[in-house]
Amino acid sequence: MQHNYKKINNLLGWLCFVIAATTYILTLEPSVSFWDCGEFISCAFRLQVSHQPGYPLFAMLGKAFSLLSFGDRTKVAYCTNLMSALASGATIMFLFWTITALARKLVKTGEENSRQQQLLTFGAGLVGALAFTFTDTFWFSAVETIVFAISSLCTAIVFWAILKWDAKADEVGSDKWILLIAYLIGLSMGIHLLNLLTIPAIAMVYYFRRYKKISIKSGIIAFLIGILILGIVQFGIRGYTVYFAAWFDFFFVNSLGMGFGSGAFIFMVLLAGLLILGIWYSIKRKKPLLNLAFLCTAFIYFGYSSFVYIPIRASANTDLNNSHPDNAFTLYGYLNRVQYGETPLLSGPYFDAKIIDEKEGPVIYRKGKTQYENAGKSMEYVYDHNTFLPRMWSTESDPYYAQNVQFYKQWLQLGDGQAPAFSDNLKWLLSWQIYQMYARYFLWNFVGRYNDADGEQSTAALNGNWTSGLFDGGKHLPKAILNDVTYTPLYALPLVLGLLGAYYHFKRKKRDALVIALLFFFTGIAIVLYVNQNSLQPRERDYSYVGSFYAFAVWIGLGVIALAEIVRLKLNARLAAYGSFAVCMIAVPVLLASKEWRAHDRSTKRTPHDMAYNFLISCPKNAILFTYGDNDTYSLWYDQEVEGVRPDVRIVCMSLFSGDWYIHQMQGKMNQSAPLPVTLPFDKYKEGVRDVVYFNDAKIAGNVELKDVFDFITSDDSRAKMTLQDGSLTNFFPTKNFKLTVNPDEVLKNGVITAAQKDRLAPEMDWKISANYLTKDNLAMMDIVAHNNWKRPICFTTTMSESSMFGLLPYLYKEGFVYHLIPFKPEVSKDAQSSKTNSLVMYGNVMNKFKYGNFKHARYLDNVSKTQFYLNMQITFNDLTQGLVQDGRPDLALKSLHKFDDEMPDITPDIDTAAQKFFMSQTAYKLDDVKLGTQLVKSVDNYITDQLDYNYELLKENNNLAIDVRTVQLGMQLLNGMTDTTKASRQTELSNQLQEQLKDYENKFAALENR
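The sections below set out a description of the structure shown in this document. (Residues numbered from 1 in each chain as written. Predicted model: local features only at pLDDT ≥ 70, side-chain atom pairs only at ≥ 80, totals over all residues. Heavy atoms only, no water.)

Quick notes on the overall build of the protein chain
Note the following rule: Labels follow the DSSP assignment, with helices taken as runs of H or I lasting at least four residues and strands as runs of E lasting at least two, numbered in each case from the N terminus. A simple rule labels every residue: compare its accessible area, found with a 1.4 Å probe on the protein chains alone, to the largest value its type can have, and call it buried under 20%, exposed over 50%, or partly exposed in between. Calculation of accessible area relied on Shrake-Rupley with a 1.4 Å probe; when residues are assessed, cover is drawn exclusively from the protein chains displayed. Charged-residue counts in this description rest on Lys and Arg as positive and Asp and Glu as negative, His and the chain ends being excluded. A charge is said to be at NZ when it belongs to Lys, at CZ for Arg, at CG for Asp and at CD for Glu.
Check the secondary structure of the protein chain and you find 36 helices and 18 strands. The principal-axis extent of the C-alpha atoms belonging to the protein chain is close to 95 × 85 × 60 Å. Counting all 1011 residues of the protein chain, 57% fall into the buried class. Total accessible area on the protein chain stands at roughly 42,900 Å², and carbon and sulfur atoms take up 58% of it. The average position of the 96 basic charges and that of the 91 acidic charges among the side chains of the protein chain differ by 10 Å.

If you want it as structure tokens, here you go:
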């Protein structure tokens, strides 16, 4: 029977793999996804260096899977996505085996091989594993190229391995499982650090199995030892190994005159010798625990050795080479994410703390030509007051400080001038960091969810919130919620079954339950406490806590056994076993699959790939394209680096352009793009040189030639510098008013304009910046604009903020998804600056070159597609049609409207897309397309009435926190605008209907307006 159990257990584990992997493959994203995926695929395909802290093993695995494309570059993303799908399927398999191992320990001695007990054991494994298969967060990462899929597999294998060791601990050679775990932990650091958080739970398994006298005191000591081991691996092995290697290298290079890397190599040889000596000593002295410690350390280093990839590939000068970590000092900063700054944990400022001083930190060393050079000292701010356990720690040094303070006050309901107290600090920790940014995600997965919109800002709003669905019938929910594929009520059944399993587990096997609880805590709330998010994030962060959800899935599985125990009080054991398994399988995994499938089926969606394609294809030949954020950069890298789309375009990410390493990379050839016209020598912008250049008003009248200002800023002449309080000299910029003299012949010769547009040229470009200081990215942009001489088109993505455009917006014209710098005479008001178009060029790009990502026919569109890029597409078409009308081409404007209608779905994700749809209807009416205009107005009206009806129900219930005041106000304005527009277009019946609606809602919301 024991042999039979093992056989069935193995077969069912593989069955879980097949079900999960098939699910993920069927719903796999066919190309690149948004966020980091484009960078990860690009770095895997060409073995490049991704953002800090590096993912070398992930890149190498991705490279192996990319080879399955057999030379078809358009299939590379699918193949690397397949890697995530298969890894996620394997995670489910190991989860099944983990649950059955724990479930088998719950069975009474002597009953392990009875049919009913085997059924319950396998049933627990199937229900728990398949439930996790279909959970929202895990499924999301399983169908795209992201580190969390393989990181989850590492967690699953490591935890399964410690249970295998637990079962065989009394056998000779059982510690090989511990060595396997150590090796996997080392390997996992080359994928993601989340796997390290299993160490405290693993330590407790070892303690419970090896120690005979279990007590609270020894248990606490064992737990603290587990925390210590976690710290040693994270900060010692991972961090200080490179730190000490850097200082060895410093000595060998700067003192002994040897080459870079020589000292680091000697240090590694000495470290290997020390480990060998320790292993030999432990064997000779017969110290098994010391021997195990040295062997585990060695195996962790074996796994960690994947990071050798980073300096090797950095030295190869790959196109994507974040931080250029080709030496030990830079590598140490890279591993410790120094570019993101430090996060205070136990002591630090509140948001109202003022900077009163700066103190010097340690010396920063950079790699010079033959030696390491002093790049100055790091500076640390001194605040007028600090506090214990700071949670709201965004201060005036933060570029997002103003919006963060506004959010703190809104969330905590603090008045202007009211200082935050420690109670407010704890409220922020509990209500936002733990509840809003962790518990809400947990409830998404096991209770249900309204939609996949971002919901960080409110606990009361529907967007991004959780729901069981049990009480939704009485909430008068908008149709926009109920009819969306991401509305996934789970009736809290997974949560109930998991809580039942947890209760039963603690009741029957406290030690095992404690181990699962530790895994649950350290991969959940412990991350919240350590990461210490200080305010709104660029995206929802549920993927960070997938290990916690994995642990809870174990309890979902054990809930089957708990339910059977309850049912057995009324029925016989056989019926209880079969009935509990059947009910739990239908109530949880089947329910999850049926509800979540439509919300995760990405198989028909290509929006990330095609939107990136549109950015690139909008650029003129040999353009310099400035980008800024993740979604207007990473997927562009993928399209260019992997599929070879527009290799002539140079992508310049402004958020990286402040790094000397990145500017230096831009001075070299990349793909088919010539070096950027950055004339500044490296020694004039290297780390520690001109990191910040401050404004010092020289009272210069008028605008100054940009080249002259640039030459002044970059001069080493003492006369071009100002004296600081400490007596040192530093560069400054003397004016904020710039000009660039325009040579019409150069502009025309280089194809910036057509001959017919020459009369529109300005003799000079005049503009002003508002910043009081310049950083390296500003200097590099000044250099490019001043010395380009119109030889290469300069473009900006239309998704960039105006603040990143160096004041050039008056001379930027849309040509699709990019602005093109053109020296036309400014012709429009300041409010319309962002809508200017070079209409005929833009028309050719949008109508003939754009791809539309199967927007209209995709079964599922993610939140970024529905909000950011659907809105961007609307704005693009609205600006294009307006530009064509202004340029006397109403015929082309009407064709543009029809193109949008043909290619894009009729969806209204939010009030902003509703407003753009209304603007489109106005244009349609002006162009005498009454049918399209009316169609758009009715679509907007349906959305607005849907939203207003729901908000009115909230108003009647005095649920003020949930009322979306902005949607109500804009909705009323749109109703008023549509009333006037349809009346002017002689659509009397429709106008009267809208007028009646407007009056009705004005009466209903009068109380809200009067507040």
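Right, picking up where we left off after that structure.
Concerning a nonpolar patch on the surface
Condition: To count toward a patch, a residue needs a relative accessible area above 30% and no salt bridge. Like charges then connect within 9 Å, nonpolar side chains (Val, Leu, Ile, Met, Phe, Trp, Tyr) within 5 Å. Between Lys or Arg on one side and Asp or Glu on the other, a salt bridge is scored when a side-chain nitrogen of the former is within 4 Å of a carboxyl oxygen of the latter.
Taken together, the side chains of F235, Y240, F244, Y530 and V531 present a nonpolar region at the surface, about 490 Å² in accessible area. Put simply, the parts of the chain that give the nonpolar patch at least two residues each are α10 (216-255) and α20 (525-531). At three residues, the largest contribution of residues to the nonpolar patch is made by α10. One can find Y240 in helix α10. For Y240, a relative accessible area of 39% puts it in the partly exposed group.

Observations concerning the sheet that holds strand β10 (residues 704-705)
For clarity, the cut-off: Criterion used throughout: strands pair if DSSP finds at least two bridges between them.
With mixed pairing, the three strands of this open sheet are ordered in space as β10-β13-β14. If you trace the sheet from one side to the other, it starts and ends with β10 and β14 (764-768), each paired once. One ladder, built from five bridges, connects strand β13 (residues 737-741) with β14; its direction is antiparallel. From the neighbouring strand, K739 faces β14, where its bridge partner is D766.

Observations concerning the environment of S991
Note the threshold: Residue contacts are defined here by distance: any two heavy atoms, one from each residue, within 4.5 Å place the two residues in contact.
Structurally, S991 is set in helix α35 (residues 988-1004). Taking the C-alpha atoms as reference, S991 lies 7.5 Å from M978; in sequence the two are 13 residues apart. Excluding residues that lie within four positions of it along the chain, S991 makes contacts with T979, T982 and K983.

As for the packing of aromatic side chains
Short version of the rule: Pairs were defined over the aromatic rings of Phe, Tyr and Trp, the Trp ring being its six-membered one, requiring ring centres within 6.5 Å. Orientation was assigned from the angle between planes: stacked under 30 degrees, edge-to-face over 60, tilted for the rest. Two limits define a charge over a ring: the Lys NZ or Arg CZ must be within 6 Å of the ring centre, and within 35 degrees of the ring normal.
Following the criterion strictly, the structure yields 85 aromatic pairs and no others. Aromatic rings pair up to connect Y438, Y441, F442, W444, F446, F506, F520, Y545, F549, F552 and W555 into one cluster. Residue placement shows K63 over the ring face of F45; its charged tip is 5.0 Å from the ring centre. The residue whose ring lies beneath R602 is F140, and the NZ or CZ to ring-centre distance is 4.3 Å.

Points about the nonpolar core
Selection criterion: As used in this record, nonpolar core signifies buried Ala, Val, Leu, Ile, Met, Phe, Trp, Tyr and Cys residues forming a set joined through side-chain atoms within 4.5 Å.
Formed by 165 residues in total, the largest nonpolar core has its most connected members in Y24, F132 and I162. If we skip the residues at most four places from it in the chain, I162 touches I178, I181, I202 and V205. I617, W661, V678 and I822 belong to the second largest nonpolar core, which has 104 residues in total.

Focus on the side chain of D632
Examined against the element boundaries, D632 turns out to sit in the loop between β7 (624-627) and α24 (634-641). One buried charged residue, D632, remains without a salt bridge, the closest side chain of opposite sign being K814 at 13 Å. Residue contacts for D632: discarding those within four places in its chain leaves F615, T627, T797, T799 and M800.

Some details on a positive patch on the surface
Side chains of K507, R508, K509 and R511 sit close together on the surface and give a patch of like positive charge. Residue position: K507 is located in helix α18 (residues 493-508).

What about the sheet that holds strand β9 (residues 692-695)?
Pairing between the strands of a sheet comes from backbone hydrogen bonds, and it takes one of two forms, parallel or antiparallel. Operational definition: Every axis corresponds to a line fitted to the C-alpha atoms, with the helix fit spanning only the stretch in contact, and the corresponding angles, defined between N-to-C directions, vary from 0 to 180 degrees.
The four strands are arranged β11-β12-β9-β15 in an open sheet whose pairing can be described as mixed. Single-partner strands in this sheet number two, and they are β11 (721-723) and β15 (773-775). Ignoring which end each strand starts from, the neighbouring axes of this sheet average 45 degrees apart. Bridge count between β9 and strand β12 (residues 729-733): two bridges; the pairing is parallel. Bridging across to β12, Y694 finds its partner in F732. Strands in contact with helix α26 (residues 706-713) are β9, β12 and β15; relative to β12, the strand with the most contacts, it is inclined by about 165 degrees. Packing of helix α28 (residues 776-787) onto the sheet brings it into contact with β9 and β15, and relative to β15 it is tilted by some 80 degrees.

Section: the environment of D648
The cut-off we apply is this: As used in this structure description, the phrase polar contact means that two N or O atoms lie within 3.5 Å; if the pair is within protein, one of them must be able to donate a hydrogen and the other to accept it, and residues adjacent in sequence are counted only when both atoms belong to side chains.
Position of D648 relative to the elements: it lies in the loop between α24 and β8 (650-653). When neighbours within four sequence positions are excluded, D648 is seen to be in contact with P620, K621, N622, A623, Q672, S673 and R792. Reaching out from D648, the side chain makes a polar contact with the backbone nitrogen of N622 at a distance of 2.7 Å. At 2.9 Å, the side chain of D648 and the side chain of R646 are in polar contact.

Considerations on the pattern of salt bridges
If you walk through the whole model with that rule in mind, you get 42 salt bridges. Between R568 and E565 there is a salt bridge, and its shortest N-O distance comes to 3.2 Å. Here R568 falls in the partly exposed class, since its relative accessible area comes to 31%. Assessed through its relative accessible area of 26%, E565 is described here as partly exposed.

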